[in-house]
Amino acid sequence: MKSKAHSAIGRLLYAQSGGVTAVINATAAGVIQTARAHRVPVYAAHNGILGALREELIDTSKETAAAIAALRHTPGGAFGSCRYKLKSLEANRAEYERLIDVFRAHDIRWFLYNGGNDSADTALKISQLGKAMDYDIRCIGVPKTVDNDLAVTDCCPGFGSVAKYTAVSTLEASLDVASMADTSTKVFILEVMGRHAGWIAAASGLAGEGADAPPHIILFPERVFDEAAFLAKVKATVERVGWCTVVASEGIKNAEGQFLAEAGTRDAFGHAQLGGVAPVLAALVKEKLGYKYHWALPDYLQRSARHMASKTDAEQAYAVGKAAVDYALAGMNAVMPVIVRTSDAPYRWKLEPASLEKIANHEKKMPASFLTRDGFGITPAARRYLSPLIRGEMPPPYGREGLPKYVQLKNAKVAKKLPDFAH
Ligand code: F6P
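These numbers come from a predicted model, not from an experiment.

## Notes on unusual backbone geometry
A negative phi holds for most residues other than glycine; trans holds for most peptide bonds.
Stage number 1. Here the amide bond leading from Pro 214 into Pro 215 is cis, since omega sits at -5°, within 30 degrees of zero.
Stage number 2. Look at the link from Ala 345 to Pro 346: it is a cis peptide, with omega at 0°.
Stage number 3. Positive phi, close to 75°, is recorded for Val 152, a residue that is not glycine.
Stage number 4. Locating Val 152 in the fold gives a position in the loop between strand 5 (138-143) and helix 7 (159-180).
Stage number 5. Under the relative-accessibility criterion, Val 152 is labelled partly exposed at 45%.

Next comes the structure, spelled out in structure tokens:
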């Protein structure tokens, strides 16, 4: 998409939101490099929308071109992220007035919010501010989530890399358990993120194909956990193959609708903090079947593993950042660049703007056609969808110490112009 010529009046504010990913900083690089090419100054909000409310703004012009380029291969969120839910305009007008005050004080004319479905909701609300409060602000949502649960877009930047980490880890750990199974471990259980959508768990299915190849059992949040069927399949697999690899989504629930493992805390959006389903399943396997097990909970390791990022994912992450700036400078508002798949093989994709209204607060689950009839595996259709997303490698440069050369930005704060705001 070509942006219209414009005078460099005003600034662009970029903010990262929600759980970060291995490639969200590639999106930041796409945003900042594209804005620089148009000579539009970019501020970044420190810790997402909270930085905007607190007037904690970072002047990205203080960063060198090399530092911004290095964001392309640095995981985490370089400017800090947050989970913070803006209420409706009616419920908390003061917060919106504060945002407009901050935007006005710093001549922010474009706001780019890089996040998942909750963040698309925040971006939509802010996009409505302009009209409601008579301030000219364009707001663009920029997609990101390892959960891959955003509506409209074919996939979400961040997902391809966690999918690759999950498929590779499933394959590698399975080689390990296969070696040990005769006299030691018979069952390996890997727990993966994804909340209410089983996309990450599904990606483990790329590790192998056929009944005897790992993972032998995938547990999806889209299916009620059936203890008897699960134990029967573990037993049958160990008896037939000699060992069994299980991949469980953190979001699996029992027939009563309770999460098998809930940490007991909730975030600002009311989401339960999940984690710990693997030890619950392992204890069940030990108690009912007596098999020795190992389990793993990669947790943040899976979404920060930039060393194993998917090239496709890293490229898409950069591209959505670039497109978001193009859309903003072309005068668009309340849209998000979404990924449109134009071909499976060879894999081809393009970007187009989609209305935030269609994306905010929707959650895209795995379609039934992607799950096998017994609910423990993925179908060829799922493989066709998932496979291109983990393709290609784009490792970070490594230093002599054997560690990746990740960048630490200066993150120089802009002088505040307004009094503090209590929120
Ligand atoms: O953003 C998505 C996600 O990675 C989920 O898959 C996971 O359940 C959640 O974030 C963890 O959130 P937090 O880092 O806030 O605990």
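## Describing the site of the ligand
Stage number 1. All residues adjacent to the ligand are Gly 19, Arg 83, Val 146, Asp 147, Met 193, Gly 194, Arg 195, Glu 250, Tyr 300 and Arg 303.
Stage number 2. With the chains in place, 84% of the 400 Å² that the ligand exposes on its own is no longer accessible.

## What about the packing of helix 9 (residues 227-241) against helix 10 (residues 277-289)?
Think of two packed helices as two axes; the pair is described by the angle between the axes and how far apart they sit.
Stage number 1. In contact at an axis separation of 11 Å, helix 9 and helix 10 are set at 70° when each is read in the N-to-C sense. By the angle between their directions, the pair helix 9 and helix 10 is classed as roughly perpendicular. Contact with helix 9, carried on its side by Glu 227, Phe 230, Leu 231, Val 234 and Lys 235, involves Leu 281, Leu 284, Val 285, Lys 288 and Leu 289 of helix 10 and no other residues of that element.
Stage number 2. Here the contact of helix 9 with helix 10 is composed, by residue class, of seven nonpolar, no polar and three charged.

## Observations concerning the UniProt feature "active site" (unreviewed entry) in the chain
Stage number 1. As annotated by UniProt and renumbered to match this structure, "active site" (unreviewed entry) occupies Asp 147.
Stage number 2. Residue placement: Asp 147 occurs in the loop between strand 5 and helix 7.
Stage number 3. Judged by its relative accessible area of 9%, Asp 147 is buried.
Stage number 4. Sequence-distant contacts of Asp 147, that is, excluding residues within four places in its chain, are made with Gly 194, Arg 195, Ala 197, Trp 199 and Ile 200.

## Quick word on the packing of aromatic side chains
Stage number 1. As enumerated under the stated definition, the model contains seven aromatic pairs in all.
Stage number 2. Judged by centre distance (5.7 Å) and plane angle (35°), the rings of Phe 370 and Tyr 385 are tilted. In this pair, Phe 370 sits in the loop between strand 13 (348-355) and helix 13 (380-386) while Tyr 385 sits in helix 13, placing the two residues 15 residues apart along the sequence.
Stage number 3. Among the aromatic residues, those joined into a cluster by ring pairs are Phe 103, Phe 111 and Tyr 113.
Stage number 4. Lying over the aromatic face of Tyr 318, Arg 72 brings its terminal NZ or CZ to 3.7 Å of the ring centre.

## Structural notes on the domain arrangement of the chain
Stage number 1. By the assigned domains, the chain splits into domain 1 (11-145 + 307-362) and domain 2 (159-306).
Stage number 2. The gap between the C-alpha centroids of domain 1 and domain 2 is 33 Å.
Stage number 3. Together domain 1 and domain 2 conceal approximately 1700 Å² of surface at their shared face, both sides included; 57% is due to carbon and sulfur atoms.
Stage number 4. Here domain 1 is connected to domain 2 by nine residue pairs in polar contact (both at pLDDT 80 or more).

## Let's talk about the UniProt feature "binding site: diphosphate" (unreviewed entry) in the chain
Stage number 1. Here, UniProt's "binding site: diphosphate" (unreviewed entry) annotation points to Gly 19.
Stage number 2. Take Gly 19: it is sitting in the loop between strand 1 (11-16) and helix 1 (24-37).
Stage number 3. The exposure class of Gly 19 is buried, given its relative accessible area of 12%.

## A closer look at the pairing of strand 5
Stage number 1. Of all six residues making up strand 5, five are buried, and the element is well covered by its neighbours.
Stage number 2. Sheet analysis places strand 4 (residues 108-115) next to strand 5, joined by six bridges and oriented parallel. Bridge pairing in strand 5 places Leu 112 opposite Ile 140.

The rules behind the values
Residues numbered from 1 in each chain as written. Predicted model: local features only at pLDDT ≥ 70, side-chain atom pairs only at ≥ 80, totals over all residues. Heavy atoms only, no water. Helix = DSSP H or I, 4+ residues; strand = E, 2+ residues; numbered from the N terminus. Buried < 20%, exposed > 50% of the residue type's maximum accessible area, 1.4 Å probe, protein only. Near = heavy atom within 4 Å. Areas by Shrake-Rupley, 256 points an atom, 1.4 Å probe, with all protein chains shown as cover. Axes fitted to C-alpha atoms, helices over the stretch in contact; angles between N-to-C directions. Parallel < 35°, antiparallel > 145°, perpendicular 65-115°, else oblique. Contact = heavy atoms within 4.5 Å. Nonpolar A, V, L, I, M, F, W, Y, C, P; charged D, E, K, R; others polar. UniProt positions renumbered as here; feature names shortened; annotations may be inferred. Phe/Tyr/Trp six-rings, centres within 6.5 Å; stacked < 30°, edge-to-face > 60°. Lys NZ or Arg CZ within 6 Å of the ring centre and 35° of its normal. Domains from an automatic or database assignment. Buried area = accessible area lost by both parts, 1.4 Å probe. Polar contact = N/O pair within 3.5 Å; in protein donor to acceptor, adjacent residues only side chain to side chain. Pairing = 2+ DSSP bridges.

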